[in-house]
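Geometric and topological summary
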Amino acid sequence: MTSGQQRQGSGNGYLTDQESLRLRRVSSRTSSPIYHDVNRSASSAEDDKGSSELNREIRSNPWHMAQKRTKWLEQQKQVPAQFNGGSWKHKRTKYVHQFKSNVRELLYLFSLWGKSLQKIGGNFGGGVQSYFFFLRFLVVLNFVSFLLIGGFVLIPSIVFRSVGTNLARNTGEEACLKYDPNPEGLVVFYEFFLHLLSGTGFMEYSYMFYGYYNNTMMEDRSFSYNIPLAYLFTAVFYFAFCLICIIVRMGKVARVAVTTGGSDVSNYSRIVFTGWDYGCLGSKATSLKQRNIYYRLQVDLEEERLQMHAASLSLCNKVTLYSLRVLMFLVAVGLLVATFFAIFKATIFSQEQNSKAEGILALFYEYLPSIVITAGNFLVPLLCDQLALIEKYSPSATVVLALLRAVILRLVSLAILLYTLWGQITCVGNTYYSNITESNMTDCDLCQYNHSAYPCWETNVGQEMYKLTLFDLLVNIAILVLVEFPRRMVVDNWSCKLSQWVGRQEFGVPSNVLGLVYGQTVVWTGALFCPLLPLINTVKFVIIFYCKKITLFNNCRPALRTFRSTTSTFFFLAVLLFGWILALVVMIYSVAVIHPSQACGPFRVFPNMWQIVPNSFYSLSRVTQDFLFFIGSQAFSIPLFALSCVVMCYVIALASIYGKSVTMLRAQLKLAAHDKQFLVKQIKKMKHLTPQNNEGEQD
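Residues numbered from 1 in each chain as written. Predicted model: local features only at pLDDT ≥ 70, side-chain atom pairs only at ≥ 80, totals over all residues. Heavy atoms only, no water.

Let's talk about the overall build of the protein chain
Of regular secondary structure, the protein chain possesses 22 helices and 5 strands. Buried residues in the protein chain amount to 39% of all 699 residues. Sequence-distant contacts, at least 24 apart, represent 77% of the contacts inside the protein chain between residues at least 6 apart. Counting only carbon and sulfur atoms, one obtains 65% of the accessible surface of the protein chain, whose full area is about 40,900 Å². (Helix = DSSP H or I, 4+ residues; strand = E, 2+ residues; numbered from the N terminus. Buried < 20%, exposed > 50% of the residue type's maximum accessible area, 1.4 Å probe, protein only. Contact = heavy atoms within 4.5 Å. Areas by Shrake-Rupley, 256 points an atom, 1.4 Å probe, with all protein chains shown as cover.)

As for the environment of S452
As for its placement among the helices and strands, S452 is situated in the loop between α14 (438-447) and α15 (457-493). Given the relative accessible area of 42%, S452 is considered partly exposed. Residues S452 and I425, 27 residues apart in the sequence, show an inter-C-alpha distance of 9.8 Å.

Regarding the side chain of T339
In this structure, T339 sits in helix α11 (residues 315-354). Here T339 falls in the buried class, since its relative accessible area comes to 9%. Those residues within four positions of T339 in sequence are excluded, and the remaining contacts are G376, V380 and L409.

Here we look at the nonpolar core
Counting residues in hydrophobic clusters, the biggest one holds 118 residues, and the most contacted among them are Y131, F132, F134, W422, W457, V513 and W524. Per element, the largest residue contribution to this core is 16 residues, and it comes from helix α6 (residues 114-160). In contact with F134, not counting residues within four places along its chain, are V513, L516, V517, F572, L573 and L576. (Core = buried A, V, L, I, M, F, W, Y, C linked by side-chain atoms within 4.5 Å.)

Re helix α17 (residues 509-526)
Here α17 contains 18 residues, and its C-alpha end-to-end distance of 26 Å stays within 8% of the 26 Å for a straight helix at 1.5 Å per residue. Of all 18 residues in α17, 17 are buried; the element is thus mostly enclosed. (Expected span 1.5 Å × (residues − 1).)

Regarding unusual backbone geometry
The phi torsion at Q448 lies on the positive side, around 70 degrees, for a residue other than glycine. Inspection of the secondary structure assignment puts Q448 in the loop between α14 and α15. According to the relative accessible area criterion, Q448 is exposed, its value standing at 51%.

So, a nonpolar patch on the surface
Taken together, L620, F627, L628, F630, I631, F636 and L640 make up a surface patch of nonpolar side chains, about 590 Å² in accessible area. When contributions to the nonpolar patch are tallied by element, the ones reaching two or more residues are α21 (622-631) and α22 (634-698). The biggest single contributor to the nonpolar patch is α21, with 4 residues. Tracing the backbone through its elements, the reader meets L640 in helix α22. (Patch = residues over 30% accessible without salt bridge, like charges linked within 9 Å, V, L, I, M, F, W, Y side chains within 5 Å. Salt bridge = Lys/Arg side-chain N within 4 Å of Asp/Glu carboxyl O.)

Examining the packing of α17 against helix α18 (residues 533-555)
Two elements in contact, α17 and α18, have axes separated by 10 Å at closest approach and are oriented at 170 degrees. In terms of orientation, α17 and α18 fall into the roughly antiparallel class. Contacts from N512, L516, G519, Q520, V522, V523 and G526 of α17 reach α18 at L533, P534, N537, K540, F541 and K548. (Axes fitted to C-alpha atoms, helices over the stretch in contact; angles between N-to-C directions. Parallel < 35°, antiparallel > 145°, perpendicular 65-115°, else oblique.)

Details of the packing of aromatic side chains
This model, assessed by the stated rule, comprises 25 aromatic pairs. An angle of 85 degrees between the planes, with centres 4.8 Å apart, marks the rings of Y205 and Y212 as edge-to-face. By relative accessible area, which is 31% here, Y205 ends up partly exposed. Under the relative-accessibility criterion, Y212 is labelled buried at 15%. Taken together, the ring pairs connect Y205, Y207, Y210, Y212, Y213, Y231 and F603 into an aromatic cluster. If you follow K119 out to its NZ or CZ, it ends over the ring of F553, 5.0 Å from the centre. (Phe/Tyr/Trp six-rings, centres within 6.5 Å; stacked < 30°, edge-to-face > 60°. Lys NZ or Arg CZ within 6 Å of the ring centre and 35° of its normal.)

A few points about the packing of α15 against α17
How two helices sit against one another is set out by the angle between their axes and by the gap between those axes. With their axes 9 Å apart at the nearest point, α15 and α17 run at an angle of 155 degrees to one another. Here α17 runs roughly antiparallel to α15, going by the angle between their axes. Once α15 is placed against α17, the crossing between them reads as left-handed. Contacts between α15 and α17 involve M465, L468, T469 and D472 from the former and G515, Y518, V522, V523, T525 and G526 from the latter. Of the residues contributing to the contact of α15 with α17, the split by class is 5 nonpolar, 4 polar and 1 charged. (Left-handed = near helix turned anticlockwise from the far one by under 90°. Nonpolar A, V, L, I, M, F, W, Y, C, P; charged D, E, K, R; others polar.)

Some details on α15
When the terminal C-alpha atoms of α15 are compared, their 53 Å separation across 37 residues agrees well with the 54 Å that a helix rising 1.5 Å per residue should span. Where α15 bends most, the angle comes to about 35 degrees, and this point is L480. (Bend = angle between axes of the 7 residues up to and from the residue.)

Overview of the state of the cysteines
Evaluated as defined, the whole model comprises 1 disulfide. A disulfide bridge connects C456 with C600, and the sulfur atoms are separated by 1.9 Å. Taking the sign of the S-S torsion, about 95 degrees here, the bridge from C456 to C600 comes out right-handed. On the criterion of sequence distance, the pair formed by C456 in the loop between α14 and α15 and C600 in the loop between α19 (565-592) and α20 (612-617) is long-range, its members being 144 residues apart. In this structure C242 is a free cysteine whose sulfur lies 6.5 Å from that of C245, the closest cysteine sulfur available. (Disulfide = S-S within 2.5 Å.)

It is worth stressing that arrangement in space is one thing and function is another; only the former is reported here.
Structure, rendered in structure tokens:
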């Protein structure tokens, strides 16, 4: 009967269990010469066999790495020394792997916050851990960026300030050359604190901001250094360096996401069979790893449960759910539009009243746009989180949607602030700004920018970015001290229904990540006008790391709904890339369009900042000019484009081959699983037939 069923199955065009098993055995026999060397010597085979037998027993025991290493050393003492080529090759490979392992462990000891990140991942899962990995990446990125700016702009400006010569004298109108940021007379002590917060006074005319740098050039017989050219090229290389770092990190995360983003069954198998780290030493590290695996399994089970629930909904329930989602989407859009309008009005009001007020009131007007932006960034995401409870998306989709809303809110808020400032600086759209008078319009025609309100507009933009960065740090510290710790104390010490309903807070990954993206976008936007802003942001992110770590372990509880860290990390970097694009647009517009200030800065004698590049180009030697012209000519660009196409085709073909190989391996895994199921069925049948045969023999 069984053979008849098998013949029927083969006649229908489908492989039966026995046929698939037989074909797989044939394919394995035919493919074995590809992966094994048939000319292998017998002595090396015996050596490998002896070493593998010694190691197989150690691998089979459930010991941690220290015990396995001790047992392996004991067995190595009992093995006689071998001096043939195979054993030497084996030892060389072993020493190379051991050296790499030691180097990796040494680098891990010097890695920034390594133990803290391991502890965070074990207690709160990979989703929260991905936020702190992202924060560490930004800290390193900002510190390296500061080294770049300090090495090519700050230190040469300090060294050559007194010995360098000006490139040219400014021949502009006398009214456009007035700029005196230094305060006259005695200054009250508390005003130093106000200047520190607002970036004015003694800070305005310092290496912190654009206006303090001169258009000097150091020339010697064998050495020449152009400060304006170095200033511009350093900003360009800074943006390029950040882009390369983001793309490289996105590539690494994408490989992990593609590898782990398969079906649920393969994901479960990967976690169960390859998720454990056998290098864990001690009960603490073991428990942290167990919790981490538990959270990963919890994410997959939650995703699968929500998918099953969504598939079981009736047509009426689906219509109701989609209607609620559309309604909540419109409500979220309304909140965003209201926030943008409030930022626009607050920026105009701040610029109008800033010149009329003094003291604390003037500081309040200066920080009014920052206050409105921070209030909108704090309140709107909270309201959107309540809307997400009604929308009922999966945890991963909820995180992505919250990130999209938050990134639109924060980046567009910053864009509106910059648009308002550009409009007042360039006198464009003067009907919207009541503070632009006829005298301001005269300055715009005479100096090509609003000189009376912004005598050094680059420094003013840098001050706005400085205030946004500093205010964001102060808000984070204030929330930790005035909101999060009191909430924890009330919940722990006051047993009432209200405190139980509020409970301990969860660590909101989307809002915190967007806070980092917003802060980094502000730094990218203001780096051209405030060169020391990356250093300030490095210190700020270090403080935020310890503040978030303290509030995570003392004030937060593990999230009830976790999410997958691989996809979220990739989306964090994608959002950061959007912030980089926004800052790049601001830099291009500032460099190529707006007229530089004629009273300050390294570009005071040029119609735009980019003009320094062609001027410096024509001052080069004839050979260098010919070489650069050749690089920009068709004789160089066309072969380069052709070579790039060839390399791209090769990479695409290689990726296609690898994809086919992965598909074949997956098919082989499915055949292997099919074979095992067939063998289990045969064993069950044999178990059922054996008692019947025994009864027949007894009869």
